[in-house]
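Notes for the structure review
What follows is the residue order along each chain.
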Amino acid sequence: QKEVEQDPGPLSVPEGAIVSLNCTYSNSAFQYFMWYRQYSRKGPELLMYTYSSGNKEDGRFTAQVDKSSKYISLFIRDSQPSDSATYLCAMSAGNNNDMRFGAGTRLTVKP
Amino acid sequence: GAGVSQTPSNKVTEKGKYVELRCDPISGHTALYWYRQSLGQGPEFLIYFQGTGAADDSGLPNDRFFAVRPEGSVSTLKIQRTERGDSAVYLCASSLTGGAGELFFGEGSRLTVL
């Protein structure tokens, strides 16, 4: 079993839809949870950063962490074609060198 | 520069050859990381530098892989006797410190071993 599991998709939605992306993990030491967005042939860029359990909202994006279930989610409201990318969840126990990434979910938002 | 710069962006080589991939991190970032990303997978940790020293090289797959950062800035990932299985995108990232914080990634070096 991988430390971080993420459905690779692909996921295709119409413009304006609400998108739900999620990851599960097995290492209870993880305390920092991140979502990175990666456009085709580009490096990942940080989208959301959360410490421990709870919700965090930034514009159209909401990140949720449920440590009791070892489950994290990213919600995208009013999705736009420019949101089409691969979304990678990532988590660490406290240092970047122990960060583990999910496989990434490829999202397409159709106009 | 403004971001993390990686060269070459693409490298095609033959099995058995030696390859060097270069990373120029964001100025002032003391921590530098190398990752490998295979098709359809997330980045996989290879090695972490804090300043000039390799603080964690536990992700290097075998002794054909080596990395240096002699002056605490630019880093070079070196792969000897390349194999077809080494084909992947090699990503470099830097951060202000080595603790949990934002990683700034370069666009990667796409290595193809024929």
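I will try to describe carefully the structure that is included in this document. Keep in mind it's a predicted model, so treat the numbers as computed, not measured.

1. Details of the overall build of chain B
- For chain B, the count of helices and strands is 0 helices and 11 strands.
- When its helices and strands are written in sequence order, chain B yields β-β-β-β-β-β-β-β-β-β-β.
- Expected size for 114 residues packed as a compact globule is a radius of gyration near 13 Å; at 13 Å, chain B falls within 12% of this value.
- With the C-alpha coordinates of chain B rotated into their principal frame, the extents come out at 35 × 25 × 25 Å.
- A total of 114 residues make up chain B; the buried ones form 46% of that total.
- A fraction of 54% describes how many contacts in chain B between residues 6 or more apart in sequence connect residues 24 or more apart.
- In the form shown here, chain B has an accessible surface area of approximately 5,400 Å², with 48% of it arising from carbon and sulfur atoms.
- Looking at charge distribution, chain B has the averaged site of its 11 positive side-chain charges lying 8 Å from that of its 12 negative ones.

2. What to know about the state of the cysteines
All names here are of chain A.
- Inspection of every chain in the model, using the stated rule, returns 2 disulfides over all chains.
- A sulfur-sulfur separation of 2.0 Å characterises the disulfide bridge that pairs C23 with C89. The sign of the -105° torsion about the S-S bond sets the C23-C89 disulfide as left-handed. Residue C23 is found in strand β3 (residues 19–25), and its partner C89 is found in strand β9 (residues 85–92); the two are separated by 66 residues along the sequence.
- What makes C23 buried here is its relative accessible area of 1%.
- The buried category is assigned to C89, whose relative accessible area is 0%.

3. Some points on the sheet that holds strand β6 (residues 54–58) of chain A
All names here are of chain A.
- Pairing in this open sheet of 5 strands is antiparallel, and the strands run β1-β3-β8-β7-β6 from one edge to the other. If you trace the sheet from one side to the other, it starts and ends with β1 (4–6) and β6, each paired once. Going from strand to strand, the sheet's axes swing by 15° on average, the running direction of each strand aside.

4. Quick word on the nonpolar core
- Core analysis: the biggest nonpolar cluster contains 24 residues, and W35, I72, L74, Y87 and M91 of chain A have the highest contact counts within it.
- Contributing elements (two or more residues each) for this core: β3, β4 (32–38), β5 (45–51), β7 (61–66), β8 (71–76), β9 and β11 (105–110) of chain A.
- By size, the runner-up hydrophobic cluster in this structure holds 20 residues, among which are V19, F49, Y90 and C92 of chain B.

5. Focus: the layout of surface pockets
- Each pocket or cavity is described by its volume, and for the largest pocket that value is around 870 Å³.
- Along the wall of the largest pocket there are 34 residues; nearest its centre are Q38, S40 and R41 of chain A together with L39 and R110 of chain B.
- If you list the elements that add at least two residues to the lining of the largest pocket, you get β9 and β11 of chain A together with β9 (88–95) and β11 (109–113) of chain B.
- Split into classes, the residues belonging to the lining of the largest pocket amount to 12 nonpolar, 17 polar and 5 charged.

6. Quick word on the packing of aromatic side chains
- The full count for this structure, using the stated rule, is 12 aromatic pairs over all chains.
- Geometrically, the ring pair formed by Y25 of chain A and F33 of chain A is tilted, given 5.4 Å between the ring centres and 45° between the ring planes.
- With 5.7 Å between their ring centres and 55° between their planes, Y36 of chain A and F101 of chain A make a pair best called tilted. Residue Y36 of chain A is located in strand β4, and its partner F101 of chain A is located in strand β10 (residues 100–101); the two are separated by 65 residues in the primary sequence.
- According to the relative accessible area criterion, Y36 of chain A is buried, its value standing at 0%.
- Linked through ring pairs, Y36 and F101 of chain A together with Y33, Y35, F45, Y48 and F105 of chain B together constitute an aromatic cluster.

Here is what the cut-offs are and how they apply
- In this numbering scheme, every chain counts its residues from 1 along its sequence in written order.
- Each chain is given a letter, starting from A, and each ligand a number, starting from 1, according to the order in which they appear as written.
- Selection of residues for local features in this predicted model requires a pLDDT of at least 70, selection of side-chain atom pairs for listing and counting requires 80 or more, and totals for whole chains, interfaces and linings are taken over all residues.
- Computation of side-chain values covers all heavy atoms of the structure but excludes hydrogens and water.
- Numbered from the N terminus, helices here are DSSP runs of H or I no shorter than four residues, and strands are runs of E no shorter than two.
- Computation of the radius of gyration draws on C-alpha atoms alone. For the globule rule, the value is 2.2 Å times the number of residues to the power 0.38.
- With a 1.4 Å probe rolled over the protein chains alone, any residue whose accessible area is under 20% of its type maximum counts as buried; one over 50% counts as exposed, and the rest are partly exposed.
- Only heavy atoms enter the contact rule, under which two residues are in contact if any of them lie within 4.5 Å.
- All accessible-area figures derive from a Shrake-Rupley calculation using a 1.4 Å probe, and residue coverage is judged against the displayed protein chains alone.
- Only four residue types enter the charge count, namely Lys and Arg as positive and Asp and Glu as negative; His and the chain termini do not.
- Charge placement uses NZ in Lys and CZ in Arg. For Asp and Glu, CG and CD serve respectively.
- Cysteine sulfur atoms that come within 2.5 Å of each other are treated as a disulfide pair.
- Between any two strands, at least two bridges found by DSSP are needed for them to pair.
- Only the stretch in contact is used when a helix axis is fitted, and all axes are lines through C-alpha atoms; the angle between N-to-C directions ranges over 0 to 180 degrees.
- Within this scheme, the nonpolar core is defined by two criteria: the residues are buried Ala, Val, Leu, Ile, Met, Phe, Trp, Tyr or Cys, and they are joined through side-chain atoms within 4.5 Å.
- Grid points spaced at 1 Å over the protein atoms alone were grouped into cavities, where a 1.4 Å probe fits but cannot get out, and pockets, open sets with protein on both sides within 12 Å along at least five of seven lines, with lining residues defined by an atom within 4 Å of a point.
- Grid points are joined across faces, edges and corners, and a volume is the space filled by probe spheres set on the points.
- Each residue gets one label: Ala, Val, Leu, Ile, Met, Phe, Trp, Tyr, Cys and Pro are nonpolar, Asp, Glu, Lys and Arg are charged, and the others, such as Gly, are polar.
- Classification of ring pairs uses Phe, Tyr and Trp, with its six-membered ring standing for Trp, and accepts pairs whose centres are within 6.5 Å; under 30 degrees between planes counts as stacked, over 60 as edge-to-face, and the remaining range as tilted.

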